Amino acid sequence: MMTQRQSRLSGFDNRTLFLLGDEAAAYGALYAGCDFFAGYPITPASEIAEVMSRELPRVDGYYVQMEDEIASLSAVIGAVWAGAKAMTATSGPGFSLMQENIGYAIMTETPCVIIDVQRSGPSTGQATKPAQGDVLQARWGTHGDHEIIALAPSSVQECFELTVESFNLAEKYRIPVILLMDGEIGHLRESITFPAYEDVAREERRLAEPEVESFGGEDVPPMSHFGEGRFIHVTGSTHKASGMRDVSTQAVHEDLVTRLCRKIVDACAEISSVEEDFVDGAKIGVLAYGATARPARGAVLEARRAGCAVDFLRLITIWPFPEEAVKRLADRVDTILVPEMNLGQIAREVERFTAAPVLPLSKIGGVPHTIDEILDAIRANGSGSGSTVGQRP
Amino acid sequence: MPSQDARVQQMIEINEELCKGCDICIDFCPLQVLAISEIINRKGYYPPKVVDEEKCIGCRLCELVCPEFAITICNE
Amino acid sequence: MNDEPIIPGPARPLKPHRLLKFLRQEILPTAFCPGCGCGTVLNSFAQAVEELSIDPKDMVFVTGIGCSSWIPSPYFKGDTLHTTHGRPIAFATGVKIMRPDLKVVVIAGDGDIAGIGGNHLVHAARRNIDITVLMVNNWNYGMTGGQVSPATPFGVPTTTTPYDNPEHPLEAAELVAAAGANYVSRWTTYHVFPLMESIQKALEIEGFSFIEILSQCPVSYGKMVDMRRASDFLKFYRDQSVRVHKAKEMSAEELEGKIVVGKLVERQRSEFVTSLRRINERFREG
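What counts as what
In this convention, every chain numbers its residues from 1, walking through the sequence in written order. Here every chain gets a letter starting at A, and every ligand a number starting at 1, in the order they are written. This being a predicted model, a pLDDT of at least 70 is required before a residue's local features are given, and a value of 80 or more before pairs of side-chain atoms are given or counted; all residues contribute to the totals for chains, interfaces and linings. Each side-chain value is derived from all of the structure's non-hydrogen atoms; neither hydrogens nor water enter the calculation. Criterion for a salt bridge: a side-chain nitrogen of Lys or Arg within 4 Å of a carboxyl oxygen of Asp or Glu. Secondary structure is summarised from DSSP: a helix means a run of H or I of at least four residues, a strand means a run of E of at least two, and numbering begins at the N terminus for each. To define a nonpolar core, start from buried Ala, Val, Leu, Ile, Met, Phe, Trp, Tyr and Cys residues and group those joined through side-chain atoms within 4.5 Å. Each residue is assigned to one of three classes by its accessible area relative to the maximum for its type, calculated with a 1.4 Å probe on protein chains only: buried under 20%, partly exposed between the two thresholds, exposed over 50%. Annotation comment: domain bounds sourced from an automatic or database domain assignment. In what follows, a contact means two residues having at least one pair of non-hydrogen atoms within 4.5 Å. We define buried area as the total accessible area lost by two parts upon association, computed with a 1.4 Å probe and summed across both. Throughout this description, a polar contact denotes any pair of N or O atoms lying within 3.5 Å of each other; where both atoms belong to protein, one of them has to be capable of donating a hydrogen while the other can accept it, and for residues adjacent in sequence the pair is counted only when both atoms sit in side chains. Stacked, tilted and edge-to-face are the three classes assigned to paired rings of Phe, Tyr and Trp, where Trp is represented by its six-membered ring and a pair needs centres within 6.5 Å; plane angles under 30 degrees give stacked, over 60 edge-to-face, the rest tilted.

Undergrad: Please clarify how the pattern of salt bridges should be interpreted in this entry.
TA: Between side chains of opposite charge, a pair can form as their charged atoms come close. Residues and elements named next belong to chain A. This model, assessed by the stated rule, comprises 43 salt bridges over all chains. Put simply, Glu-302 and Arg-305 hold a salt bridge, and the shortest N to O gap is 3.0 Å. With Glu-302 and Arg-305 both in helix H11 (residues 293-305) and three residues apart, the pair spans about one turn of that helix. With a shortest N-O distance of 3.5 Å, Lys-327 and Glu-323 are connected by a salt bridge. Of the two residues, Lys-327 and Glu-323 are both situated in helix H12 (residues 323-332); the distance of four residues between them amounts to about one turn of the helix.

Undergrad: What is the right way to read the nonpolar core from this model?
TA: The tendency in soluble globular proteins is for nonpolar side chains to be buried side by side. Residues Phe-36, Leu-287 and Ile-346 of chain A together with Phe-208 and Phe-210 of chain C are the most contacted members of the largest nonpolar core, which totals 91 residues. A per-element tally of this core places helix H4 (residues 69-81) of chain A first, with eight residues. Here this core gathers at least three residues from each of two domains, domain 1 (4-199) and domain 2 (276-381) of chain A. Ignoring anything within four residues of it in the chain, the contact list for Phe-208 of chain C reads Leu-121, Ala-124, Ala-125, Asn-128, Ile-129, Asp-130, Ile-131, Val-133, Val-176, Ala-181, Asn-182 and Tyr-183 of chain C. Counting residues in hydrophobic clusters, the runner-up holds 72 residues, among them Cys-56 of chain B together with Phe-22, Trp-139 and Met-196 of chain C.

Undergrad: Honestly, the interface of chain C and chain B in this entry has me stumped. Any pointers?
TA: It is common to give the size of an interface as the accessible area lost on bringing the parts into contact. At the interface, 45 residues of chain C touch 35 residues of chain B. Approximately 3,400 Å² of surface area, both sides summed, lies buried where chain C meets chain B, with 64% of it carried by carbon and sulfur atoms. Counting every contact that joins chain C to chain B gives three salt bridges. A salt bridge links Asp-27 of chain B to Arg-229 of chain C; the shortest N-O distance between them is 2.8 Å. There are 12 residue pairs in polar contact (both at pLDDT 80 or more) connecting chain C and chain B. Only helix H1 (37-52), helix H6 (192-204) and helix H8 (230-240) of chain C provide two or more residues apiece to the side of chain C that touches chain B.

Undergrad: Sorry, what's going on with the packing of aromatic side chains here?
TA: Within a pair of aromatic rings, the relevant descriptors are the distance that separates the centres and the angle that separates the planes. Residues and elements named next belong to chain A. On inspection of all chains with the given rule, the structure shows 24 aromatic pairs over all chains. Here the aromatic rings of Trp-81 and Phe-226 are separated by 6.3 Å at their centres, their planes lie at 35°, and the arrangement is tilted. Here Trp-81, found in helix H4, pairs with Phe-226, found in the loop between strand S9 (189-193) and strand S10 (233-235); they are 145 residues apart in sequence, far enough to count as distant. Here the two residues Trp-81 and Phe-226 agree in accessibility, since each one is buried.

Encoded structure:
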């Protein structure tokens, strides 16, 4: 017997459609089993909400437009504890508002997905223009020690696939997962081929057996839902394995926070996903992610055609930082070029793993890099010595 | 609700260990059944004592107004 | 605690308080200050649950940050979502949409509900979502030491209005009534019997139900206004309160400084989650 969701979505099976990245992400959520969306309109993420409002009732899910982004993530977290797989989507200003509740979701181990279709900031910035300025906010935006998972798609197809992956990682590690899209990818329209509904791998929620505690005991404890008569206590305050608050015992806090970090740090290799395209004799490597990976790949291919060996590394997982892949690249080349639509946020992170020069190729102002801009930088630095780009402001 | 039959004997149960000595029950008992006791509990508060149980009509005001669930009326 | 009680044990074994079954008894007595009205609200709430014979398994409590959020969390033995400051109504919205069969109850203070979370309050009332909100109004931020709140009366000194409060308080109950809630009342911890009955009504009614409960803070607030005993507040509530129907016949000047108590609104506007779920029925097969 087909579920309503199955029968609705299997209509897309193996079809190729011409969609926005935003739309593809929304369909990814539906394929992943999302049955609750709360959001607030914002460019360039509103199309995600529009698709969810249209499709969720057709798969027996619920859409609610809240009064702001704080309320949106609040409602998402509430829905998850009531049994939902839930998501919200926003852009920079809304993402800033969500930071406190992202910390709450980390502390309470609430699996959920937050899509941030990044736009040019700070503040209202260039509301309709793309940027990659939130990558460090995704890592450190909420207060206190914590780890996070964040992924960055580079194509419309990947918007779909990484949204599914975000839901799966959220369930597997009981953590909020941030999909770091950008306005360029969100508003890019290109073809996407849907998988067959039954071929999509879905991580189901692991629920606790009676008497098993939901906030400790193992690195990723099983969850409990409301309404099961277990009288669970969910709090953003420091708590014991039972969930009950204990804010005055040093060891309770240390055990909790180190476990919340350890469950991600220890799984870094498993979570990390990158695209490595290495060639013999490369003296320079290009490291990119999200929309910027597209002109970066173009420049790498052009350079190779012109006889210059260049390595290419695309980060699909941004957090936890795929340090092993970055180290592999750093061991091979003399120079790493990092084009990004910000003033060198990931370039700085790359510097932590290599003694070789890391050259940020920053571009802000809402216009993506061109292939030629990146190609020129490869040409200027391809010999592995000296630098003509990347002076940090 | 106030008992219609004031002659029914009420039993006032005071859990001294839960009491924090706020005296609301003493101040608002309509028939002055309660008073501050001379004893002190483990937390250092003076719980109320029953001085005139026979006057109690079992209105349960003390029971419902008590912030600590420290006083209850048992109709026997 | 190892020390022996200084008091003699009771002459006969105590009959257990019949409402203790609703509480996490192992953590009693509460952490509330002596005479705090939060315990009285908890008491009235537990009594209402008892009167309605609601199984606590069918309830979810959602709270914020502050003294009154501790009323259900951790004391009432039920599923509890203790959220970020100001956001319990928004969290509760997600819970209720997914589990309309559960009674979702928000208990939080004037800071949470009328201050930082005021916008969520207005919009939840506008949606008329089937949630019960008890706003425990103690006229100040008590947990942080007695700062001015959006509900602090005009002209009153607090730790952050040392020269008296220059702002007017928000009349939260009237606001919620105007925003579209199905049930709104205001009571105080002096009016325990009508308060308990009002909580019953709020729990029963479909749609957004809101009770503003004036509740004493003899420690943080009382220290600034020389009302250091709980009874000082209860006498004030008793003497200054005016029933809704009486208040209608009074002038604005006569109502100055008065506390209007009673039911402000009871109506049957359509409820949000019911309407939301009705949309899904259009697409249900068979």
